[in-house]
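Take a look at the letters that make up each chain.
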Amino acid sequence: PEGRQLYRERFAALLEKSLLKSREAQGEVRYGRRDTGREYAQERLAESGELQPARARHAAHYLTLAEREGSRLLVSPPADAFRALEVERDNLRAALRWALEQQAVEVALQLVSALWRFWHLRCYYQEGLHWLKAALQLTLPQASEAAAQERLIPFRIEALTGAGAVCCALQQDLELAIDYLEEAAMLARQGGAADALPRVLAWLGRAAESRGDTESALRAYGEG
């Protein structure tokens, strides 16, 4: 209790001195540093060598949130899951930027795998496709790192499925959508990810149908 009271007092002092700013988002009051305070904090972190570790911890925290809330969008998405992700969109973008800058392929694929349904269901198609393409373009571990490659397969399948689904929703780049989804299907078959294959094939059928290729669409639906 004493610690909480001290925290409240210090927090109130920062607000009083205008070192923090507040805004309302999704019915909640959110607090953040003003730009000058943020820049100063980043400079001090960089000088101490703690900036990258701090950004890594930030990305890990928001990956946990993305995976938790993203998993709730699979069936009958609840409104509070959307709200939780909407409120944290800037933090999620910052986590994605860090993962891409650091070439942290595993973190990047995990994030886009967790978030693509959110982008798709909220019609954030262009933003979602931007992040999905960027994550999929990162260099995968070398063939000698078999364990790392195997660990990444489910996330790459999910990211490829998301990219294909978003392309289908945009009704553009249907050839690219089919390329993404065919690669996802190949990985699912080869990697033993049988549970992912029906979903991938459903999207592949939809992409082929949108392109007017009824034969390929029926073949994908039938296998699925």
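The preceding data block contains the structure.
Thresholds, definitions, all that
- Residues numbered from 1 in each chain as written.
- Predicted model: local features only at pLDDT ≥ 70, side-chain atom pairs only at ≥ 80, totals over all residues.
- Heavy atoms only, no water.
- Helix = DSSP H or I, 4+ residues; strand = E, 2+ residues; numbered from the N terminus.
- Buried < 20%, exposed > 50% of the residue type's maximum accessible area, 1.4 Å probe, protein only.
- Contact = heavy atoms within 4.5 Å.
- Areas by Shrake-Rupley, 256 points an atom, 1.4 Å probe, with all protein chains shown as cover.
- Polar contact = N/O pair within 3.5 Å; in protein donor to acceptor, adjacent residues only side chain to side chain.
- Core = buried A, V, L, I, M, F, W, Y, C linked by side-chain atoms within 4.5 Å.
- Salt bridge = Lys/Arg side-chain N within 4 Å of Asp/Glu carboxyl O.
- Phe/Tyr/Trp six-rings, centres within 6.5 Å; stacked < 30°, edge-to-face > 60°.
- Lys NZ or Arg CZ within 6 Å of the ring centre and 35° of its normal.
- Axes fitted to C-alpha atoms, helices over the stretch in contact; angles between N-to-C directions.
- Parallel < 35°, antiparallel > 145°, perpendicular 65-115°, else oblique.
- Left-handed = near helix turned anticlockwise from the far one by under 90°.
- Nonpolar A, V, L, I, M, F, W, Y, C, P; charged D, E, K, R; others polar.

This part covers the overall build of the protein chain. Looking only at helices and strands, the protein chain features 11 helices and two strands. Start at the N end of the protein chain and walk to the C end: the helices and strands fall as α-β-β-α-α-α-α-α-α-α-α-α-α. The buried share of the protein chain, reckoned over its 224 residues, is 39%. For the protein chain, the share of sequence-separated contacts (at least 6 apart) that also reach a separation of at least 24 residues comes to 56%. Of the roughly 12800 Å² of accessible surface on the protein chain, 51% is carried by carbon and sulfur atoms.

For the rest of this paragraph, the subject is the side chain of E86. As for its placement among the helices and strands, E86 is situated in helix α4 (residues 79-87). A relative accessible area of 13% places E86 in the buried class. Within the local environment of E86, its side chain forms a polar contact with the side chain of Y124, the two groups lying 2.6 Å apart.

A few words now on the nonpolar core. Counting 61 residues, the largest nonpolar core has V112, W119, L132 and I157 as its most contacted members. Secondary-structure elements contributing two or more residues to this core are α3 (51-71), α4, α5 (89-101), α6 (105-121), α7 (125-136), α8 (146-170), α9 (174-190) and α10 (197-211). Not counting residues within four places of it along the chain, the set of residues in contact with L132 comprises V112, W116, W119, A159, G162, A163 and V166.

Let us look at the pattern of salt bridges. Counted by the stated rule, this structure contains 17 salt bridges. Measuring nitrogen to oxygen at the nearest pair gives 2.9 Å for the salt bridge that ties E223 to R189. Here R189 lies in helix α9 and E223 lies in helix α11 (residues 214-223), a separation of 34 residues in the sequence. Taking the shortest distance from any N to any O, the salt bridge between E215 and R219 comes out at 3.8 Å. Residue E215 and its partner R219 are both found in helix α11; the two are separated by four residues, about one turn of the helix. When its relative accessible area of 52% is taken as the criterion, R219 is described as exposed. Salt bridges linked by common partners bring E86, R89, D90, R93, R122 and E127 together as one network.

Within the structure shown, the criterion is met by two aromatic pairs. Taking 6.4 Å as the distance between ring centres and 75° as the angle between the ring planes, the aromatic pair formed by W116 and W203 counts as edge-to-face. With W116 in helix α6 and W203 in helix α10, this pair connects stretches of sequence that are 87 residues apart. Judged by its relative accessible area of 3%, W116 is buried. Measuring from centroid to centroid gives 5.7 Å for F118 and Y124, while their planes differ by 65°, and the two rings are edge-to-face. For F118, a relative accessible area of 1% puts it in the buried group. Its relative accessible area of 22% is what places Y124 among the partly exposed residues. The lysine or arginine in question, R89, covers the ring of Y124, its NZ or CZ lying 3.8 Å from the ring centre. Above the face of the W203 ring, R206 is positioned so that its terminal group lies 4.2 Å from the ring centre.

Let us look at the packing of α6 against α7. Between two packed helices, what matters for the description is the angle formed by their axes and the separation of those axes. One way to put it is that α6 packs onto α7 with a least axis distance of 10 Å and a crossing angle of 160°. With respect to their mutual orientation, α6 and α7 come out roughly antiparallel. Viewed along their axes, α6 and α7 form a crossing whose handedness is left-handed. Contact residues: A108, L109, V112, W116, W119 and H120 in α6; Y125, E127, G128, W131, L132, A135 and L136 in α7. Among the residues forming the contact of α6 with α7, the class breakdown is 10 nonpolar, two polar and one charged.

The values are spatial; any link to function lies outside them.
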